[in-house]
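# Architecture and fold: a report
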Amino acid sequence: MAKKKAASEKAAAKKKSTTQKKAPKDDKGFEVSLWDSANRLRGSVESSEYKHVVLSLIFLKFVSDKFEERKAALIAEGKQDYTDMVEFYTMQNVFYLPETSRWSHIQQHAKQDDIAIKIDSALAQVEKSNASLKGALPDNYFSRLGLDGSKLSALIDAINNIDTVADKEEDVVGRVYEYFLGKFAASEGKLGGEFYTPKCVVNLIAEMIEPYKGKIYDPCCGSGGMFVQSLKFVKSHHGNTKDISVYGQEFTATTYKLAKMNLAVRGLSANLGDVPADSFFKDQHPDLKADYIMANPPFNMKDWRAADELTKDSRWDGYETPPTGNANYAWILHMVSKLSTNGVAGFVLANGSMSTNTTGEGAIRQKLVENDMVDCMIALPGQLFYTTQIPVCLWFLTKSKKVDKQRGYRNREGETLFIDARQIGSMISRTQKELTDTDIAAVAKTYHAWRGEKKDGVYEDQAGYCKSATLEDIRKHDFMLTPGRYVGAAALEDDGIPFETKMTEMSQTLYQQMDESAKLDKVIRKNLEVLGYGK
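Residues numbered from 1 in each chain as written. Predicted model: local features only at pLDDT ≥ 70, side-chain atom pairs only at ≥ 80, totals over all residues. Heavy atoms only, no water.

As recorded by an unreviewed UniProt entry, the protein carries the name site-specific DNA-methyltransferase (adenine-specific) and is attributed to Rubripirellula reticaptiva. Here is the UniProt Sequence similarities (unreviewed entry) comment for the protein, exactly as written: "Belongs to the N(4)/N(6)-methyltransferase family." Recorded in UniProt under Catalytic activity (unreviewed entry), the annotation for the protein is "a 2'-deoxyadenosine in DNA + S-adenosyl-L-methionine = an N(6)-methyl-2'-deoxyadenosine in DNA + S-adenosyl-L-homocysteine + H(+)". (UniProt positions renumbered as here; feature names shortened; annotations may be inferred.)

Structure representation (structure tokens):
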């Protein structure tokens, strides 16, 4: 009987492996269609809540597909006796799922009234069975939301169409997550910025600092996008992802869970601290010295501490205490305190950070410049973020500008590169701009050439775009770091037409327009008289 059952399971496993649906590798609209169908089912649920519903279900589908794949492989290898042993899954980085946590169980009961409870129970069991997911999954979320059962059932059907593991070359679920996080950020408005940084901005930071090897840290990691992009960078440059380790922290509990799920679906292990917590008041990595820091802190955060709190904190040693009215410089000094000897930090801040002199901020910036920590400043074009029209910039800080033969860097002591990138980028919608891969490569190449990397050619200042400034130059500008002050205006291309000729043509055009305006004025006066409103 046992042999018959084993043979049956083996045949089923074989059948499954040959009938699995092919992931839509070449279908660029695949995630778009999924988003459309999922969003149609949203009903009255707020987008901020709905993202946890959708992304949790996609997570469940993904870990279930991975589980079934591994189980089928065990059976195919004749190891059917081990299909319920957790170790045989964890050894392959697969989460073990109790029967009631599997997607097949959820789908089988999708039409029942208590499906929300069953999903909550499934997620709880997945978390309980896998220590690395501790604190990662929503807790009784589906039951508390009181979702319409028919809509939840339809959403399960929509997500059921994703075969997350069929194509080994395509990170299908990672692609879905990335697309959905971006769409949710766009639809949530201001709040969305708390968990999502536009992909092109993250890409630019990664391409600039090149996080090949060492510890990567994000003190306000949101959904973990910086880490995902770092790993992609390493893979795309044929590096080894095992050479980097990931540390992060996130304050918002739901976003902390989102980050854990986002990293888990991509097979990335990270230390996000034991709990979601405030980086200023409950630092989860007090002894960390990171080789790379990538961050997008909340812009211009007010009242981040009370007047009598953190006044003697060691992270501000050597600097003024950051003011209570804006956390920008607290974030900067927090990151400086976390940098290793040769570490580099790249982060996003509002443009005001480059020139503010409010309550000691100018003094902190001056000290950062005098300590020769500012490696590069980039002014970005507007409209890159879903959530704010505030113009933003990128800061790049380092603790060492000395020669680095291993990485091909020249001695840059006493120098800072300014790049004015406000004119690059392309509009992708009526309200949003994006940096293309070409834009990103061009800016990164400018920085790398300036650092002395031979592969990127010889650096030269370009009026209106980039300028290598000395400490004395920055002092003359009162330690303001706005790139536009240093790069100057771009030279206008000479069209070869003499000034007199141009002036004559423009004057004639202006006179013609003035004559036309006078004629129109007469017509308007006449019409007003006809209507009884003459002067």
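Moving on from the coordinates now.
Within the UniProt annotation, "domain: N6 adenine-specific DNA methyltransferase N-terminal" (unreviewed entry) is assigned to residues 33-159. In the segment residues 33-159, helix accounts for 62% and strand for 0%; the C-alpha atoms at its two ends are 11 Å apart. (Helix = DSSP H or I, 4+ residues; strand = E, 2+ residues; numbered from the N terminus.)

Turning to the domain arrangement of the protein, a few remarks are in order. Where interface size is quoted, it is often the accessible area lost as the parts come together. Domain parsing of the protein yields domain 1 (30-186), domain 2 (189-485) and domain 3 (498-534). A C-alpha centroid distance of 33 Å is found between domain 1 and domain 2. Opposite the 24 residues of domain 1 that make contact, domain 2 presents 21 residues. Buried area between domain 1 and domain 2, summed over both chains or domains, comes out near 1,900 Å², and the portion from carbon and sulfur atoms is 65%. A per-residue breakdown of the area domain 1 buries against domain 2 is headed by Glu 178, Leu 181 and Ala 185, which together make up 29% of the total. Our count for the contact surface shared by domain 1 and domain 2 stands at zero salt bridges. (Domains from an automatic or database assignment. Contact = heavy atoms within 4.5 Å. Buried area = accessible area lost by both parts, 1.4 Å probe. Salt bridge = Lys/Arg side-chain N within 4 Å of Asp/Glu carboxyl O.)

Of all hydrophobic cores here, the largest spans 57 residues; its most connected members are Leu 57, Ile 58, Phe 142 and Phe 180. With 12 residues, helix α3 (residues 47-76) is the single largest residue contributor to this core. Ignoring anything within four residues of it in the chain, the contact list for Leu 57 reads Trp 103, Ile 119, Phe 142, Leu 152, Leu 155, Ile 156 and Ile 159. Grouped together as the second largest cluster of nonpolar side chains are 49 residues, Ile 244, Leu 272, Val 443 and Tyr 465 included. (Core = buried A, V, L, I, M, F, W, Y, C linked by side-chain atoms within 4.5 Å. Buried < 20%, exposed > 50% of the residue type's maximum accessible area, 1.4 Å probe, protein only.)

Here the focus is the packing of aromatic side chains. By the definition in use, this model includes 13 aromatic pairs. For the pair Trp 304 and Trp 316, a centre-to-centre distance of 6.0 Å together with 90° between the ring planes defines the contact as edge-to-face. Taken together, the positions of Trp 304 in the loop between β3 (290-295) and α13 (328-338) and Trp 316 in the loop between β3 and α13 put the pair 12 residues apart, joining distant regions of the chain. Of the two residues, Trp 304 and Trp 316, both sit in the buried class. An angle of 20° between the planes, with centres 6.2 Å apart, marks the rings of Tyr 447 and Trp 450 as stacked. You can see Tyr 447 and its partner Trp 450 sitting in helix α15 (residues 437-451), three residues apart, about one turn around the helix. We note Arg 410 situated over the ring of Trp 450; from NZ or CZ to the ring centre the distance is 5.3 Å. (Phe/Tyr/Trp six-rings, centres within 6.5 Å; stacked < 30°, edge-to-face > 60°. Lys NZ or Arg CZ within 6 Å of the ring centre and 35° of its normal.)

Here we come to the environment of Val 54. Counting through the fold element by element, Val 54 comes out in helix α3. Along the backbone, Val 54 and Leu 155 are 101 residues apart, and their C-alpha atoms lie at a distance of 7.9 Å.

Let's shift gears to the packing of α3 against helix α12 (residues 253-264). It is at 11 Å that the axes of α3 and α12 come closest, and there the two elements cross at 30°. For the element pair α3 / α12, the angle class is roughly parallel. When you trace α3 past α12, the crossing you get is left-handed. Together, Lys 51, His 52, Leu 55, Ser 56, Phe 59 and Phe 62 of α3 and Thr 254, Leu 258, Met 261 and Ala 264 of α12 make up the contact between the two elements. Here the residues of the contact of α3 with α12 sort into six nonpolar, three polar and one charged. (Axes fitted to C-alpha atoms, helices over the stretch in contact; angles between N-to-C directions. Parallel < 35°, antiparallel > 145°, perpendicular 65-115°, else oblique. Left-handed = near helix turned anticlockwise from the far one by under 90°. Nonpolar A, V, L, I, M, F, W, Y, C, P; charged D, E, K, R; others polar.)

This brings us to the side chain of Asn 130. Mapped onto the secondary structure, Asn 130 falls in the loop between α6 (115-129) and α7 (141-145). At 2.8 Å, the side chain of Asn 130 and the backbone oxygen of Val 126 are in polar contact. Dropping the residues within four chain positions of it, Asn 130 is found in contact with Phe 95 and Tyr 96. (Polar contact = N/O pair within 3.5 Å; in protein donor to acceptor, adjacent residues only side chain to side chain.)

If you check the backbone angles, Asn 140 has positive phi at about 50° while not being a glycine. With a phi angle near 65°, Gln 383 is a residue other than glycine that sits in the positive phi range. Within the secondary structure layout, Gln 383 lies in the loop between β5 (374-379) and β6 (392-398). Of the residues examined, Gln 383 reaches a relative accessible area of 28% and is grouped as partly exposed.

According to the stated counting rule, one finds 20 salt bridges in the structure shown. Of the charged contacts, one joins Lys 61 and Asp 65 as a salt bridge, the two residues approaching to 2.7 Å between their closest N and O atoms. Linking Lys 61 with Asp 65, this pair stays in helix α3, spanning four residues, or about one helical turn. Like Lys 61, the residue Asp 65 is buried in the burial classification.

A few words now on the packing of helix α10 (residues 199-209) against helix α11 (residues 225-236). The interhelical angle for the contact between α10 and α11, taken along N-to-C directions, is 55°, at an axis separation of 9 Å. With respect to their mutual orientation, α10 and α11 come out oblique. The way α10 lies across α11 gives a crossing that is right-handed. Facing Lys 199, Val 202, Asn 203, Ile 205, Ala 206 and Glu 207 of α10, the residues of α11 in contact are Gly 225, Met 226, Gln 229 and Phe 233. Class assignment for the residues of the contact of α10 with α11 results in five nonpolar, three polar and two charged.

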